[in-house]
Amino acid sequence: MRTFLHILSSEQLKMSKSRLWLILICSPILACFIGVFAELPSGPVAWPMLIAAMVMLHGLLLMPIITGVLSSFICRYEHTSGGWKQLLSMPVSRTAVYFAKLSIIAGLLAFCQLLMLGAFIIAGAFHGILGDIPWGTLVASLIGGWVACLPLATLQLGVSLGWSSFAAPLALNVSLTIPNMLIINSATYGPFYPWAQPLLAMMPTGQGSFGAFNLPMENLMITVLGSLMIFMIVGLVYFQRKEI
């Protein structure tokens with residue numbers, strides 16, 4: 001446990017020297033602009049409509065791309081100048097290294113979701129609908145989107161561990177994110193596509209009447225957690241057996 005905390009502290013220090021916060025704030029800012037300029041009906045449907053409008057770009061494109069950037073960047077230092085040999089020559093286990101990197105990615109994604117909460121409140125204040133904030137819906141949307149990003153983060157971390165190039169995993173992630181616009185319309189394939197799951201988890205209940213949006217949240221979370229376990233086991237086994 002102490003070794004894990006030391007590695008976690010080291011990873012946090014490395015990430016703090018970067019300017020990744022610029023990437024983390026981009027999506028909430030854009031979502032806030034979308035929410036401010038959205039045309040909302042009056043009454044109890046105002047908040048669900050606002051949330052649906054704001055998470056469309058955030059969950060469909062930007063959040064999966066941000067997850068890929070974080071996964072690629074956290075392995076960047078080790079892929080340069082023999083960083084892996086230096087790290088693994090120390091008295092640390094590969095399991096601790098793997099979970100420390102995954103924890104940092106998860107923490108940064110959680111921070112991005114907290115910024116989205118601020119974006120929701122700002123947009124709601126602009127439209128004058130702060131009097132009846134549906135905290136339960138907001139929290140469920142943000143936590144659901146965060147959990148749905150974890151399988152994607154685990155999958156992309158495994159790819160980044162295997163490829164020394166920073167650009168290659170990122171380009172692969174972007175190329176697999178763009179088809180979301182089509183796959184999300186499929187009730188058959190959408191729920192099982194990791195890049196589409198963040199939007200499905202963040203969309204308020206009743207705001208999707210087609211494609212994968214009809215899937216109950218409980219079923220989606222089972223799929224998400226199942227894929228998370230599979231990607232985590234495969235990625236960890238690969239990293240433990242990888243020759244450095």
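Values in this document were obtained by computation on a predicted structure and should not be read as measured data.

A. Region of interest: the overall build of the protein chain. Along the backbone of the protein chain there are eleven helices and zero strands. Starting at the N terminus, the α and β elements of the protein chain follow one another as α-α-α-α-α-α-α-α-α-α-α. Projected onto its principal axes, the C-alpha positions of the protein chain cover 60 × 35 × 30 Å. Across the 244 residues that make up the protein chain, the buried fraction comes to 48%.

B. View of the side chain of glutamine 113. The residue glutamine 113 is located in helix α6 (residues 94–127) in this model. Assessed through its relative accessible area of 4%, glutamine 113 is described here as buried. At 2.8 Å, the side chain of glutamine 113 forms a polar contact with the side chain of histidine 58. With residues near it in sequence (within four places) discarded, glutamine 113 still touches His58, Met63, Ser141, Leu142, Gly145, Trp146 and Met202.

C. Spotlight on the UniProt feature "transmembrane region" (unreviewed entry) in the protein chain. Under the local residue numbering, the UniProt record ascribes the feature "transmembrane region" (unreviewed entry) to residues 20–38, 50–75, 96–129, 135–158, 170–192 and 220–239. Counting secondary structure, residues 20–38 comes out at 89% helix and 0% strand; the distance between its end C-alpha atoms is 28 Å. As annotated, residues 220–239 comprises 100% helix and 0% strand, and the C-alpha atoms at either end are separated by 28 Å.

D. Structural view of the environment of alanine 167. Topologically, alanine 167 is positioned in helix α8 (residues 167–177). As for alanine 167 and valine 69, which are separated by 98 residues in sequence, their C-alpha atoms are 9.3 Å apart.

Reading the values: the criteria
Residues numbered from 1 in each chain as written. Predicted model: local features only at pLDDT ≥ 70, side-chain atom pairs only at ≥ 80, totals over all residues. Heavy atoms only, no water. Helix = DSSP H or I, 4+ residues; strand = E, 2+ residues; numbered from the N terminus. Buried < 20%, exposed > 50% of the residue type's maximum accessible area, 1.4 Å probe, protein only. Polar contact = N/O pair within 3.5 Å; in protein donor to acceptor, adjacent residues only side chain to side chain. Contact = heavy atoms within 4.5 Å. UniProt positions renumbered as here; feature names shortened; annotations may be inferred.

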